[in-house]
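Given next are the chains, with one letter for each unit.
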Amino acid sequence: TVQTNLAAFIKDTPRGRAAEEILRNCVHCGFCTATCPTYQLLGDELDGPRGRIYLIKQMLEGTPVSAKTRRHLDRCLTCRACETTCPSGVRYARLADIGREVVEEQVPRSGAERLLRWLLRAVLAHPARFTPLMRVGQSVRGLLPPPLRSAVPARRDPGEWAPPRHARQAIALDGCVQPAIAPHFNAAASRVLDRLGISLVRIGGSGCCGAVSHHLSAPAEGLDFMRRNIDAWWPALEAGAESIVITASACASMVKEYAELLSHDPAYADKAARVSSVTRDLAEVIADESLELTEVPRVRVAFHSPCTLQHAQKLDGVVESILRQCGFELTAVPEPHLCCGSAGTYSILQRSLSQRLLERKLSALSSGAPDVIATANIGCYMHLMSRSTVPVRHWIELLDD
C-alpha cells in the first residue's frame, strides 16, 4: 500500500482526502499498464497509470512539478481500462482529475493553450453556439477539404419523436453536440422505448452534462452545468418520471457521478444523489424489457464498446447481448478493451496519439468483415466515422430499423 504525506496546501481539503484514500489503495502491482492504451503506444512508465499515480503523489506531497508532469497527465485518455484491470479497486480516473486540476494551478499553460481549451468549453458545451457553427459547416460540406469534411457529418433527418402517451415516462438528456450532429440517436430511442411502453420526454433547460468542463480542469464550471440539469429535471422527477435515460455512454457515466461531485454542496447533495440513482444508460433500460421482434435481421455487426460503457459504467457485454437477442450476428473484435482515441476533446488536443489509436481500433473492428459498425457514444461515433470505410451507427438505430 502506498504511504502518503500530503502537503499542507491540499491535506485537509475534500480533494486531498479523496486523493489520499485512492492513493492508499494502490499496491504498485502494475497490472494496469498491460491494458493502458498510451503505455502500449509509447512504452513509457510515466505514460501508464502506475507512473502517473507516482507523478500525482509527488505533486500532492509538495514536490515541485513542471510541464513534463502536465504532459504525461494530458496524454491520459481517462479511458479507465486500468480501473477494470486493477485488483485493488483504485479509482484512478478521480485521482487523475484531481491531479490535472492541481497541475493546472501550479504550472500555468501558455496563452495559446489556455485559449484553445477555453474555446472548446465555450463552444462544445453550448448547443446554442455549436449548432449554428455545425449548420454552416454542413451547408458547405461539399466544398471542404477531405480532412475537414470528415469532421462535419452530413445533416440527418431524425424522423418523428414518439409522443408522450405512456404512464411510464423517462427523461431524455439532449446533451451538447449530439442534437446538432446526431439528433436521430434520441429520436430512435424514443421510438424503441415507445414500443416497450415507455415515453421518452425532452425537458427544456437541460444541456451539457458537465463533462467537457470537468475533464478540461474547470471543475466549478462543470458543477454549474450539473446544477442546471438537476434544476431542469427535478419537476419531472417529482411528478413521477421513473428515470433519466441517456443514449451517450459518456454522458450517462458523468451524470451517475453527480452524487459524488456535488456531495459537498448542501443545496444540491440530496438532489444529485437522487438524480444519479435514477440515471440509466439506454442499454440498461432495453436489457430489462421484453423485446418482441417484427423481423430478424441478417446483418453482421462489429460492436465498439465505448470506454465509458465498459470501464466507467461496467456494462461490458450488455449491448452485445441485446443485439444477439435481436438476431444480429456479432463479429469478433480483437482488443475490445482498447480506447478508439476519441475520449472527449482528446482527439483535438492529442491528435497524433488519437489518430494512432483510431487506426488500431478500425483495423480491429473491420477484421471480421462486418456490414456495419455500431457504438454507444456520440464521441466514438464521430471519431470512428471520420475514417471508417464501413458504415457507423448507434446500436439503437439497428433496433429501431
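Here the structure is a predicted model, which means the values were calculated and not measured.

Criteria and cut-off values
Residues numbered from 1 in each chain as written. Predicted model: local features only at pLDDT ≥ 70, side-chain atom pairs only at ≥ 80, totals over all residues. Heavy atoms only, no water. Core = buried A, V, L, I, M, F, W, Y, C linked by side-chain atoms within 4.5 Å. Buried < 20%, exposed > 50% of the residue type's maximum accessible area, 1.4 Å probe, protein only. Helix = DSSP H or I, 4+ residues; strand = E, 2+ residues; numbered from the N terminus. Contact = heavy atoms within 4.5 Å. Pairing = 2+ DSSP bridges. Phe/Tyr/Trp six-rings, centres within 6.5 Å; stacked < 30°, edge-to-face > 60°. Lys NZ or Arg CZ within 6 Å of the ring centre and 35° of its normal. Axes fitted to C-alpha atoms, helices over the stretch in contact; angles between N-to-C directions.

(A) Molecular detail of the nonpolar core. Counting 61 residues, the largest nonpolar core has Ile 171, Trp 233, Leu 237, Tyr 258 and Ile 378 as its most contacted members. Of the residues forming this core, the biggest block, 9 residues, is contributed by helix H13 (residues 219-238). In this structure Leu 237 touches Ile 171, Ile 244, Arg 274, Val 275 and Val 278, once residues within four positions along its chain are discounted. Among the nonpolar cores identified, the runner-up in size contains 34 residues, and Ala 172, Ala 187, Ile 198 and Ile 396 belong to it.

(B) The pairing of strand S3 (residues 243-246), seen in detail. Residues of S3 alternate between two faces, with Ser 243 and Val 245 on one and Ile 244 and Ile 246 on the opposite face, all of them buried. As judged from the 3 bridges shared by strand S1 (residues 168-172) and S3, these two strands associate in the parallel manner. Looking at the pairing, Ala 172 lines up with Val 245 of S3. As paired strands, S3 and strand S4 (residues 279-281) are joined by 3 bridges and run parallel to one another. If you follow Ile 246 over to S4, its bridge partner there is Asp 281.

(C) Quick look at the packing of aromatic side chains. The full count for this structure, using the stated rule, is 2 aromatic pairs. Their ring planes at 80 degrees and their centres at 4.8 Å tell us that Phe 185 and Tyr 381 sit as a pair that is edge-to-face. You can see Phe 185 sitting in helix H11 (residues 183-195) and its partner Tyr 381 sitting in helix H22 (residues 378-385), a full 196 residues away along the chain. Here Phe 185 matches Tyr 381 in class, with each residue buried. A cation over an aromatic ring shows up here: Arg 202 above the ring of Trp 161, its NZ or CZ 3.9 Å from the ring centre.

(D) How the structure looks around the sheet that holds strand S7 (residues 372-375). The sheet built from 4 strands is open, its strands ordered S6-S5-S7-S8 with parallel pairing. Of all strands in the sheet, those bounded by a partner on one side alone are strand S6 (329-330) and strand S8 (392-394). Running at roughly 170 degrees to S8, H22 makes contact with S7 and S8 of the sheet.

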